[in-house]
Amino acid sequence: MLVAGLRSKRGRAFELLSLVGTGAFDIHLSVPLVLEYEEILLRERERLGISESAVQTVINYHCATATHHEIFFLWRPYLPDADDDMLLELAVKAGCQFIVTYNSRDFAGIEKFGLQAVTPAEFLKLIGSLP
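In this text, all values refer to a predicted model and were calculated from it rather than measured experimentally.

Novice: An account of the packing of helix H3 (residues 31–48) against helix H4 (residues 52–65) is requested, with residue identities and associated values reported.
Specialist: For the pair H3 and H4, the least separation of the axes is 9 Å and the interaxial angle reads 155 degrees. The angle between H3 and H4 places the two elements in the roughly antiparallel class. In terms of crossing hand, the pair formed by H3 and H4 is right-handed. Along the contact surface, H3 presents Val34, Tyr37, Glu38, Leu41, Leu42 and Arg45, while H4 presents Glu52, Val55, Gln56, Val58, Ile59 and Cys63. Classifying every residue of the contact of H3 with H4 by side-chain character gives eight nonpolar, one polar and three charged.

What follows is the structure, given as structure tokens:
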């Protein structure tokens, strides 16, 4: 979702990213997730049309506004993608209700943990930013 939000200023992912740090919702990060975000953004930066310093600015901003968590438990493998397992573990640790993603079907079964996978548009509706 982070890449999608930086790819287009017209999409719901960008709209959601624009609300980070405003108090409309909380974001949660772990060191492994930050490192994954950084790796993906650096790899995709040319296609996104952003500089390496812009990537660092985005990462630093998210780190400054997020609640940080250390994960001391692992359920891997639970989901088909190990990177998604990392998000699941963080969401459970943080007591989240939602994982915002365009790949909801990759998170099948997370209801067992009291979580729901929603798209950016669905989340924006849930927080009252969309009618």
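Picking up where we left off.
Novice: Explain the packing of aromatic side chains to me, using residue names and the numbers behind them.
Specialist: Here the structure, examined in full by the defined rule, presents three aromatic pairs. Between Tyr78 and Phe113, the ring centres sit 5.1 Å apart and the planes meet at 80 degrees, which makes this aromatic pair edge-to-face. Here Tyr78 is found in the loop between strand S2 (67–68) and helix H5 (82–94), whereas its partner Phe113 is found in the loop between strand S3 (98–100) and strand S4 (116–118), with 35 residues between them in sequence. Seen from their ring centres, Phe98 and Phe123 are 5.9 Å apart, and the 70 degrees between their planes marks the pair as edge-to-face. Pair noted here: Phe98 is in strand S3 and Phe123 is in helix H6 (residues 120–126), with a separation of 25 residues, a long-range link. On the basis of relative accessible area, Phe98 is assigned to the partly exposed category, the value being 22%. Overall, Phe123 belongs to the buried group, its relative accessible area being 10%. Feature note: the residues Phe25, Phe98 and Phe123 constitute an aromatic cluster, connected by ring pairs.

Novice: I'd love a proper account of the environment of Asn103, names of residues and values included.
Specialist: Take Asn103: it is sitting in the loop between S3 and S4. On the basis of relative accessible area, Asn103 is assigned to the partly exposed category, the value being 42%. Through-space distance from the C-alpha of Asn103 to that of Thr119 is 7.9 Å; in sequence the pair is 16 residues apart.

Novice: Could you give an account of the environment of Ser51, naming the residues involved and the relevant values?
Specialist: With respect to the helices and strands, the residue Ser51 is situated in the loop between H3 and H4. Along the chain, Ser51 and Glu15 lie 36 residues apart, while their C-alpha atoms are 21 Å from each other. Within the local environment of Ser51, its side chain forms a polar contact with the side chain of Ser53, the two groups lying 3.0 Å apart.

Novice: So, the nonpolar core: which residues are in play, and what are the values?
Specialist: With 23 residues, the main nonpolar core has Phe25 and Leu41 as its most contacted residues. For this core, the secondary-structure elements that each account for two or more residues are helix H1 (2–7), helix H2 (12–18), H3, H4, H5 and H6. The element contributing the most residues to this core is H3, with four residues. Those residues in contact with Leu41, other than ones at most four positions away along the chain, are Leu2, Val3, Leu6, Leu48, Val55, Val58 and Ile59.

Novice: Describe H4, listing the residues and the values that go with them.
Specialist: Since there are 3.6 residues in each turn of an α-helix, residues three or four apart along the chain are aligned in direction. The terminal C-alpha atoms of H4, which comprises 14 residues, lie 20 Å apart, in line with the 20 Å expected from a rise of 1.5 Å per residue. Among all positions of H4, only Val55, Val58, Ile59 and His62 are buried. One side of H4 holds all its buried residues, which, seen down the axis, span an arc of 95 degrees. Residues of H4 that are exposed and point more than 90 degrees away from the buried face comprise Ser53, Thr57 and Ala64. The secondary structure elements touched by the buried residues of H4 are H1, H2, strand S1 (28–29) and H3.

Scoring rules and cut-offs
- Residues numbered from 1 in each chain as written.
- Predicted model: local features only at pLDDT ≥ 70, side-chain atom pairs only at ≥ 80, totals over all residues.
- Heavy atoms only, no water.
- Axes fitted to C-alpha atoms, helices over the stretch in contact; angles between N-to-C directions.
- Helix = DSSP H or I, 4+ residues; strand = E, 2+ residues; numbered from the N terminus.
- Parallel < 35°, antiparallel > 145°, perpendicular 65-115°, else oblique.
- Left-handed = near helix turned anticlockwise from the far one by under 90°.
- Contact = heavy atoms within 4.5 Å.
- Nonpolar A, V, L, I, M, F, W, Y, C, P; charged D, E, K, R; others polar.
- Phe/Tyr/Trp six-rings, centres within 6.5 Å; stacked < 30°, edge-to-face > 60°.
- Buried < 20%, exposed > 50% of the residue type's maximum accessible area, 1.4 Å probe, protein only.
- Polar contact = N/O pair within 3.5 Å; in protein donor to acceptor, adjacent residues only side chain to side chain.
- Core = buried A, V, L, I, M, F, W, Y, C linked by side-chain atoms within 4.5 Å.
- Expected span 1.5 Å × (residues − 1).
- Arc of directions from axis to C-beta.

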